[in-house]
Amino acid sequence: PGLGSACPSSRTTHLMVLSHGLTGAPHNLAVLQRELLQRSPCLQVLNAASNQGHTLDGVAAGGERLAKEIEACVGRHPSLVHISLVGYSLG
């Protein structure tokens, strides 16, 4: 879980955000994260953790936390130009 890429950050242009579902945790999407990185080494994958333990707070609160986590990731990787979001359950 967390952030992963096998590529130098200057070559990474696509961020894939994985968001677990209700009462879930990042480990629920760890296999997907691993497979994505094996198939596309220059993909930056963020397996979001900001909602772990807080999934019953509501969609608005969870969305705010997720947005802040994504903004922080994008700030650390200025080469990013594309973003994709994958949610599982209520992720």
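Residue positions are given per chain, counted from 1 along the sequence in the order it is written. Residue-level local features of this predicted model are given only where pLDDT is at least 70; pairs of side-chain atoms are given and counted only at 80 or more, and the full residue set underlies all totals for whole chains, interfaces and linings. Each side-chain value is worked out from all heavy atoms of the structure, with water and hydrogens disregarded.

1. Here we look at the overall build of the protein
Per the secondary structure count, the protein includes 2 helices and 4 strands. Elements are defined by DSSP. Helices are runs of H or I of four residues or more, strands are runs of E of two residues or more, and each kind is numbered from the N terminus. What you see in the protein, going N to C, is helices and strands ordered as β-β-α-β-α-β. When a residue's accessible area, from a 1.4 Å probe over protein chains only, is under 20% of the maximum for its type it is buried; when over 50% it is exposed; and in between it is partly exposed. Looking at the protein as a whole, 36% of its 91 residues qualify as buried. Residue contacts are defined here by distance: any two heavy atoms, one from each residue, within 4.5 Å place the two residues in contact. Considering only intrachain contacts with a sequence separation of at least 6, the fraction spanning at least 24 residues in the protein is 74%. Accessibility throughout is a Shrake-Rupley quantity obtained with a 1.4 Å probe, and a residue counts as covered only by protein chains that appear here. Carbon and sulfur atoms make up 58% of the accessible area of the protein, which amounts to about 5300 Å² in all.

2. What about the pairing of strand S3 (residues 43-47)?
With 5 of 5 residues buried, S3 is to be regarded as a mostly interior element. Here S3 shows no split at all, with Leu43, Val45 and Asn47 on one side and Gln44 and Leu46 on the other all buried. Whether two strands pair depends on DSSP finding at least two bridges between them. Alignment of strand S2 (residues 14-19) against S3, held across 5 bridges, turns out to be parallel. Of the residues in S3, the one forming a bridge with Val17 is Leu46. With the strands aimed away from the viewer, a crossover counts as right-handed if its path from the first strand over the helix to the second runs clockwise. Taken together, S2, helix H1 (residues 30-39) and S3 constitute a β-α-β crossover, and its handedness is right-handed.

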